[in-house]
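A structural walkthrough
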Amino acid sequence: MPQTVTGVIARSKGAPVELVDVVVPDPGPGEVVVAVQACGVCHTDLHYREGGINDDFPFLLGHEAAGVVEAVGAGVTEVSPGDFVVLNWRAVCGRCRACAKGEPWYCFDTANATQKMTLVDGTELSPALGIGAFVEKTLVAAGQCTKVDPDADPAAVGLLGCGIMAGFGAAVNTGGVGRGDSVAVIGCGGVGCAAVAGAAVAGATTIVAVDVDDRKLARAKQFGATHTVNSGTDDPVAKIRELTGGFGADVVIEAVGRPETYEQAFYARDLAGTVVLVGVPTPDMRITLPLLEIFGRGGSLKSSWYGDCLPSRDFPMLVDLYRQGRFDLDAFVTDTIDLGDVEAAFEAMKGGDVLRSVVRL
């Protein structure tokens, strides 16, 4: 029988979120119901509320989540009731041209649940990133569930579902940071700090964190930055070059998503170096660079979507690193809140006071 649970929705563009009753159907073929234990408050959820993603209101917000599988539909073999899982928004199909080439992290046909969760009056909800986890129980595709160590803290490992994986993966998967590399990270929010941490885990010896906020730079030091640059007072390109022997960094990760910071990343890399864009720009943004500079500098200009991750490969590995004390996921959790505090968490996010507020259920 369908269940009625409590969840957080954005009913219309820019309106405060609401705590409402949500109807969750029994899982159909290939679907799973997960009892959510924790869900991070991500900037993407705020973008949904502001109409910055699309206008398919009302949205069931939340997507950085971990919980326990409660029920599975027909044909589900990946998980079973009782499994502790981190939710992901890249349920690879195994059949598309990317998967066929052995590059499933680029899957072009990822899956979501077929059925819709609804309000009690039958209004269909659009789940954020196909998940919708600011709710006591959610319905997802089986491939969106990744089993991990059940002894891990849900509030910490749930963050792998989006921002932390995006940043870590931008450094390790997309940027290919390795032992002895020099790395610069422009923008030190949650994604940027995760990129710093990823570079440190991968063995980078020089990690330069760049931001306009000294609070964020101090956090970046905690995650492994060896140097910090306040770009509000110093030229970040000149400082990055100074800190890398005058050459520029091997890998520069842009975690802001703005033309001016991307241009800084472009000129702050070494010859044949790599620029990774993981910050999300808006559709109206444009950038102009001299084509001769693009040609003459060589190297790679890459974008990183979800950290080019494969959840089945990367989530258990990162949870293992966390459990071993080698990747401090706990440090990303600024505070824990209730479902009714999501709107206040959005305001705290705007002020730059938090890396992540996490809803515990």
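Presented here is a report on the structure given in the accompanying data block.

Criteria and thresholds
Residues numbered from 1 in each chain as written. Predicted model: local features only at pLDDT ≥ 70, side-chain atom pairs only at ≥ 80, totals over all residues. Heavy atoms only, no water. Phe/Tyr/Trp six-rings, centres within 6.5 Å; stacked < 30°, edge-to-face > 60°. Helix = DSSP H or I, 4+ residues; strand = E, 2+ residues; numbered from the N terminus. Buried < 20%, exposed > 50% of the residue type's maximum accessible area, 1.4 Å probe, protein only. Axes fitted to C-alpha atoms, helices over the stretch in contact; angles between N-to-C directions. Parallel < 35°, antiparallel > 145°, perpendicular 65-115°, else oblique. Contact = heavy atoms within 4.5 Å. Nonpolar A, V, L, I, M, F, W, Y, C, P; charged D, E, K, R; others polar. Pairing = 2+ DSSP bridges. Expected span 1.5 Å × (residues − 1). Arc of directions from axis to C-beta. Salt bridge = Lys/Arg side-chain N within 4 Å of Asp/Glu carboxyl O.

Another aspect to go through is the packing of aromatic side chains. How two aromatic rings sit relative to each other is set out by the distance from centre to centre and by the angle between their planes. Tallied over the full model, the rule gives nine aromatic pairs. Their ring planes at 5 degrees and their centres at 4.0 Å tell us that W89 and Y306 sit as a pair that is stacked. Taken together, the residues W89 in the loop between β6 (84-87) and α2 (97-100) and Y306 in the loop between β16 (300-303) and α10 (311-323) connect sequence positions 217 residues apart. Summarising the burial analysis for this pair, W89 and Y306 share the class buried. Here the aromatic cluster, defined as three or more aromatic residues joined through ring pairs, consists of F168, F223, F327 and F332.

This part takes up the packing of helix α4 (residues 163-174) against α10. Running from N to C, α4 and α10 cross one another at 100 degrees; their axes reach a closest spacing of 12 Å. Overall, the two elements α4 and α10 adopt an arrangement that is roughly perpendicular. Residue-level contacts link M165, F168 and N173 of α4 to R313, D314, F315 and L318 of α10. The residue inventory of the contact of α4 with α10, partitioned by class, reads four nonpolar, one polar and two charged.

Let's shift gears to the sheet that holds strand β11 (residues 182-186). The strands making up a sheet associate through hydrogen bonds between their backbones, and the pairing can be parallel or antiparallel. Taken in spatial order, the six strands make up an open sheet running β13-β12-β11-β14-β15-β16, and their pairing is parallel. Each edge of the sheet is formed by a strand with only one pairing partner; in this case those strands are β13 (227-230) and β16. When strand polarity is set aside, the average angle formed by the axes of neighbouring strands in this sheet is 15 degrees. The sheet contact formed by strand β12 (residues 206-211) and β13 spans four bridges and is parallel. When the bridges of β13 are listed, V210 appears paired with V229. Along the sheet face, helix α7 (residues 236-243) touches β11, β12, β13, β14 (249-254) and β15 (269-277) and points at about 165 degrees away from the line of β12. Each of β11, β14, β15 and β16 is contacted by helix α8 (residues 259-268), which is oriented at about 150 degrees to β15, the strand it contacts most.

A separate point is α10. Under the 1.5 Å per step criterion, the end-to-end length of α10 is 17 Å for 13 residues, consistent within 8% with the ideal 18 Å. Every buried residue of α10 is listed here: P311, D314, F315, L318, V319, L321 and Y322. The buried residues of α10 occupy one face: seen down the axis, they fall within an arc of 160 degrees. Contacts made by the buried residues of α10 are with β6, β10 (145-147), α3 (154-157), α4 and α5 (190-202). Positioned one or two residues after α10, G325 has a phi angle of 80 degrees, which is positive.

Now for the side chain of T44. Along the chain, T44 turns up in helix α1 (residues 43-49). With sequence-adjacent residues up to four places away left out, T44 is seen in contact with I53, H63 and L129.

Another point: the pairing of strand β1 (residues 3-10). Within a regular beta strand, the side chains point alternately toward one face of the sheet and then the other, so they alternate between its two faces. With seven bridges connecting them, β1 and strand β2 (residues 18-24) associate as antiparallel partners. Bridging from a neighbouring strand, V8 pairs with L19 of β2. Where β1 meets strand β4 (residues 59-60), two bridges bridge the pair, whose relative direction is antiparallel. Across the sheet, A10 pairs through a bridge with F59, a residue of β4.

Here five strands make up an open sheet; going across it, the order is β7-β2-β1-β4-β8 and the pairing mixed. Strand pairing shows two members of the sheet lacking a second neighbour, β7 (118-119) and β8 (126-127), which therefore form its edges.

Once that is clear, we can look at the pattern of salt bridges. Summed over all chains, the structure comprises 15 salt bridges. The shortest N-O distance in the salt bridge between D83 and K147 comes to 3.9 Å. Of this pair, D83 sits in the loop between β5 (64-72) and β6 while K147 sits in strand β10, and the two are 64 residues apart along the sequence. By relative accessible area, which is 16% here, D83 ends up buried. When its relative accessible area of 45% is taken as the criterion, K147 is described as partly exposed. A salt bridge links K350 to E347, with the nearest nitrogen and oxygen atoms 3.4 Å apart. On the criterion of helical spacing, the pair formed by K350 and E347 is a turn pair, its members being three residues apart in helix α11 (residues 342-350).

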